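Coordinates in review
Residues per chain, in single letters:
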Amino acid sequence: MKEDRRDDNRETIMTLEDEEEDLLVSQLNMDISNQFVVFSVEDEEYGVPILAVQEIISLPNLTRIPGVPEYIPGIINLRGSIIPLYELRSKFKLETRELDNSTIVIIAQTGRDNHRTVGFIVDAVSDVVSITAENLSEKPEFSKAVDARYIEKIGKIGNRMIIIINLSDFFSENEQAVLDSAVL
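These numbers come from a predicted model, not from an experiment.

**A short note on the nonpolar core**
In a soluble, globular protein the nonpolar side chains are often hidden away together inside. Counting 28 residues, the largest nonpolar core has Phe 39, Tyr 86, Leu 88, Phe 120, Ile 165 and Phe 170 as the members making the most contacts within it. Put simply, the parts of the chain that give this core at least two residues each are strand E1 (35-41), strand E2 (44-49), strand E6 (104-110), strand E7 (116-122), strand E10 (151-157), strand E11 (160-165) and helix H3 (173-183). Beyond its immediate chain neighbours, meaning those up to four positions away, Phe 170 contacts Tyr 86, Leu 88, Lys 91, Phe 120, Arg 149, Tyr 150, Ile 165 and Glu 175. Within the second largest apolar cluster, ten residues are counted, among which are Ile 57, Leu 85, Leu 99 and Ile 121.

Below, the structure is given as structure tokens:
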């Protein structure tokens, strides 16, 4: 009887070890190009490709620049690099919040050649998710009055819908010019 229980326990331990090994192998085989950092602004979830994210930080000392639009609250010095910040609440025409040291900034590469580093001010960062191509839908059609250029796709994970941000064409020409002037 004791021998049978030992065998059952060994079998259970072997099964758990096999499952952990399978999980580790599947994590190693995950395609990182399908992984997104998920953040929220107001009640909506957004995602940016993890490969474009340099880091996620709390707001360091902010230097405000007079005369720039509200969506650029200022610039930061991140280890010697001057990075303009872009407030997504302004982009999405939401009420802005006071910025403090608990404000979350996603430092990301933007532009067609990832040539610009920008800090996006968001409400919260929740997780990193993997979204397969089958679970990515094209963005819905909007009238020309709606600026939906920043939406690349819609990701679906269970009941969650995540708006995938198009970092290549996120900024309008005017916004790019303002960002250029902010860091020159």
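**Details of the side chain of Glu 175**
One can find Glu 175 in helix H3. There is a polar contact of 3.4 Å between the side chain of Glu 175 and the side chain of Lys 91. Excluding residues within four positions of it along the chain, Glu 175 makes contact with Tyr 71, Tyr 86, Lys 91, Arg 149 and Phe 170.

**Thoughts on the packing of aromatic side chains**
Applying the stated criterion across every chain, the model contains eleven aromatic pairs. Relative to Phe 92, the ring of Tyr 46 lies with its centre 4.9 Å away and its plane at 15°, an arrangement referred to as stacked. With Tyr 46 in strand E2 and Phe 92 in the loop between helix H2 (88-91) and E6, the pair connects residues that are 46 residues apart, well separated along the chain. Summarising the burial analysis for this pair, Tyr 46 and Phe 92 share the class buried. Ring geometry for Tyr 71 against Tyr 86: centres 5.1 Å apart, planes inclined by 40°, an arrangement best described as tilted. Here the residue Tyr 71 occupies a position in the loop between strand E3 (53-58) and strand E4 (75-78), and Tyr 86 occupies one in strand E5 (residues 81-87), the gap between them amounting to 15 residues. Here Tyr 71 falls in the buried class, since its relative accessible area comes to 14%. Its end group placed over the ring of Phe 170, Lys 91 keeps NZ or CZ at 4.6 Å from the ring centre.

**Structural notes on the sheet that holds E7**
Pairing in this open sheet of five strands is mixed, and the strands run E3-E6-E7-E5-E4 from one edge to the other. Across the chains shown, the open sheet's two edge strands, defined by having one partner strand only, are E3 and E4. Neighbouring strand axes in the sheet, compared pairwise and without regard to direction, differ in orientation by 35° on average. By the bridge criterion, seven bridges tie E6 to E7 in an arrangement that is antiparallel. When the bridges of E7 are listed, Gln 109 appears paired with Thr 117.

**Some remarks on the pattern of salt bridges**
For the structure shown, the criterion picks out eight salt bridges. Among the salt bridges present, the one from Arg 160 reaches Asp 127, with a minimum N-O distance of 3.3 Å. Placement of Arg 160 in strand E11 and of Asp 127 in strand E8 (residues 124-130) is noted, with a sequence separation of 33 residues between them. With relative accessibility at 25%, the residue Arg 160 sits in the partly exposed group. Several salt bridges converge on common partners, so that one network encompasses Glu 42, Arg 89, Arg 97 and Asp 123.

Procedures and definitions
Residues numbered from 1 in each chain as written. Predicted model: local features only at pLDDT ≥ 70, side-chain atom pairs only at ≥ 80, totals over all residues. Heavy atoms only, no water. Core = buried A, V, L, I, M, F, W, Y, C linked by side-chain atoms within 4.5 Å. Buried < 20%, exposed > 50% of the residue type's maximum accessible area, 1.4 Å probe, protein only. Helix = DSSP H or I, 4+ residues; strand = E, 2+ residues; numbered from the N terminus. Contact = heavy atoms within 4.5 Å. Polar contact = N/O pair within 3.5 Å; in protein donor to acceptor, adjacent residues only side chain to side chain. Phe/Tyr/Trp six-rings, centres within 6.5 Å; stacked < 30°, edge-to-face > 60°. Lys NZ or Arg CZ within 6 Å of the ring centre and 35° of its normal. Pairing = 2+ DSSP bridges. Axes fitted to C-alpha atoms, helices over the stretch in contact; angles between N-to-C directions. Salt bridge = Lys/Arg side-chain N within 4 Å of Asp/Glu carboxyl O.

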